[in-house]
Amino acid sequence: MTTQSPITDSAEAQALFDKVAGLSTETGNPRIKQIVRRVVEDACRIVEDLDVTPSEFWTAMSYLTETGQKNEFGLLMPGLGIEHFIDLCIDAKERAAGIEGGTPRTIEGPLYVAGAPLAKGQARLDDDPEDGEVLIVEGQVTGKDGAPVAGAIVDVWHANTLGNYSVFDRSQSTWNLRRRIETDAEGRYRFRSILPKGYGCPPHGQTQKLLDQLGRHGQRPAHIHFFVSGPGHRHLTTQINLSDDPYLHDDFAFATRDGLIAEVVRVTDPAAVTAAGLDAPFSAIRFDFALNPEVAHAPDPVVVRPHAEAA
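Residues numbered from 1 in each chain as written. Predicted model: local features only at pLDDT ≥ 70, side-chain atom pairs only at ≥ 80, totals over all residues. Heavy atoms only, no water.

The subject of this paragraph is the overall build of the chain. Counting its secondary structure elements, the chain contains seven helices and 14 strands. Taken along its principal axes, the extent of the C-alpha atoms in the chain is 85 × 45 × 45 Å. When contacts within the chain are restricted to residue pairs at least 6 apart in sequence, those whose partners lie at least 24 apart make up 71%. If you sum the accessible surface of the chain, you get close to 17,100 Å²; carbon and sulfur atoms cover 56% of it. The centroid of the 29 positive side-chain charges in the chain is displaced by 4 Å from the centroid of its 44 negative side-chain charges. (Helix = DSSP H or I, 4+ residues; strand = E, 2+ residues; numbered from the N terminus. Contact = heavy atoms within 4.5 Å. Areas by Shrake-Rupley, 256 points an atom, 1.4 Å probe, with all protein chains shown as cover. Lys, Arg positive; Asp, Glu negative; His and termini not counted. Charge placed at Lys NZ, Arg CZ, Asp CG, Glu CD.)

Following this line, the structure appears as structure tokens:
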């Protein structure tokens, strides 16, 4: 019995892929050509190997078009594990460059906004009144050797109790639940906010539509995002996931990593409540960040991507 060679491997198909990627021309971007050549061949190989029908193909194209129109690619990529996979690739490159340890990175997500107000040492994040429990987070930024990093910037953002982020949710004040905090001489930072809740993908959105087909949920545990940077140290993109959330180890975006689970302590002692300047019990988190030193020839830890702008 003769086995037919894949059409994708034929001279005709290979010449087509070369032409599509502009390999016969001197103009254009060599890196883009390399990537397009690989993407087109791999896509065609999937069509052939899985016997994708024209109807299935154009259904997929319609899905991708609608995903772009609804601006959900920033949600779909973590949902498919691709954003987490990119982190794994950067981890491997850092290990190859001799960078080990420190606070783990994890995905940025699509909801960062640059330019939040800068505070010294401590800040209050909740600009808008909301029926939520007070949360106080404090910690220290150090180098991997444990020495405090003075003047580090802790850029923090998180959702409100409805799972919505300011700027994207126009009912909130522009910088609600967003701040930058410069650490003190001992590398310490502190902020008061409200206890965030976990939330899910829009139930009728494009990401959830695909997750339904995969038999998966679209829920995230309660979490708080951070960029942390300091002089002479590598920028850190990370987030902490709250320990008491039922989706802690079942995050649809695959962002939970060892070393990023924050223990939530409920403070009920009257003296401690008063010392915090409050009149009711509150939640507290202690979380320290350890930054790696900057190393020559290591991959750039800062991801260049479009961000929404404050109005």
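Sequence positions flagged by UniProt for "domain: Intradiol ring-cleavage dioxygenases" (unreviewed entry) are, in local numbering, residues 137-165. Split by type, residues 137-165 is 0% helix and 41% strand. Its first and last C-alpha atoms lie 19 Å apart. (UniProt positions renumbered as here; feature names shortened; annotations may be inferred.)

Right, let's get into the side chain of Glu108. On the secondary structure map, Glu108 appears in the loop between α5 (82-96) and β1 (118-120). Buried charge without a partner: Glu108 forms no salt bridge, and the closest opposite charge is Arg305, 4.0 Å away. (Buried < 20%, exposed > 50% of the residue type's maximum accessible area, 1.4 Å probe, protein only. Salt bridge = Lys/Arg side-chain N within 4 Å of Asp/Glu carboxyl O.)

Below, the discussion takes up the pairing of strand β9 (residues 223-229). For a regular strand, side-chain orientation follows a simple rule: the groups alternate between the two sheet faces. Judged by how many residues are buried, β9 sits mostly within the fold: six of seven residues are covered. Where strand β4 (residues 153-157) meets β9, five bridges bridge the pair, whose relative direction is antiparallel. Bridge pairing in β9 places Val154 opposite Val228. For β9 and strand β10 (residues 236-242), the ladder comprises six bridges, and the chain directions are antiparallel. The residue of β10 that forms the bridge with Val228 is Leu236. Connecting β9 to the antiparallel partner β10 that follows it, the hairpin turn spans six residues, and Gly232 within it adopts a positive phi of roughly 75 degrees. (Pairing = 2+ DSSP bridges.)

Turning our eyes to something else, we now look at the nonpolar core. With 30 residues, the main nonpolar core has Val141, Tyr189, Phe191, Ile224, Phe226 and Ile285 as its most contacted residues. Where this core is concerned, the elements lending two or more residues are β3 (134-143), β4, β6 (188-194), β9, β10 and β14 (289-291). (Core = buried A, V, L, I, M, F, W, Y, C linked by side-chain atoms within 4.5 Å.)

Glancing now at a nonpolar patch on the surface. A contiguous nonpolar surface patch, about 330 Å² in accessible area, is contributed by Leu16, Val20, Ile32 and Val36. Sorting the residues of the nonpolar patch by element identifies α1 (11-20) and α2 (30-49) as the ones contributing at least two each. Mapped onto the secondary structure, Leu16 falls in helix α1. (Patch = residues over 30% accessible without salt bridge, like charges linked within 9 Å, V, L, I, M, F, W, Y side chains within 5 Å.)

Despite not being glycine, Asp51 shows a phi value in the positive range, around 50 degrees. Relative to the helices and strands, Asp51 is located in the loop between α2 and α3 (54-69). Assessed through its relative accessible area of 60%, Asp51 is described here as exposed. One non-glycine residue, His297, adopts positive backbone phi at about 70 degrees. Relative to the helices and strands, His297 resides in the segment after β14. We classify His297 as exposed; its relative accessible area is 84%.

Glancing now at the environment of Tyr199. Looking at the secondary structure, you find Tyr199 in strand β7 (residues 199-200). With 39 residues separating them in the primary sequence, Tyr199 and Asn160 have C-alpha atoms 10.0 Å apart. Side chain to side chain, Tyr199 and Tyr165 meet in a polar contact 2.9 Å long. (Polar contact = N/O pair within 3.5 Å; in protein donor to acceptor, adjacent residues only side chain to side chain.)

Before going further, it helps to examine the environment of Gly81. Along the chain, Gly81 turns up in the loop between α4 (73-79) and α5. Here the alpha-carbon distance between Gly81 and Phe252, two residues 171 residues apart in the chain, equals 8.4 Å.

What follows is about the sheet that holds β10. Within the open sheet, the six strands sit side by side as β1-β5-β4-β9-β10-β11. Their pairing is mixed. In this open sheet, the two edge strands, each paired with only one partner strand, are β1 and β11 (261-262). Sheet topology note: the β10/β11 ladder contains two bridges and is parallel. Its bridge partner lying in β11, Asn241 is registered against Ile261.

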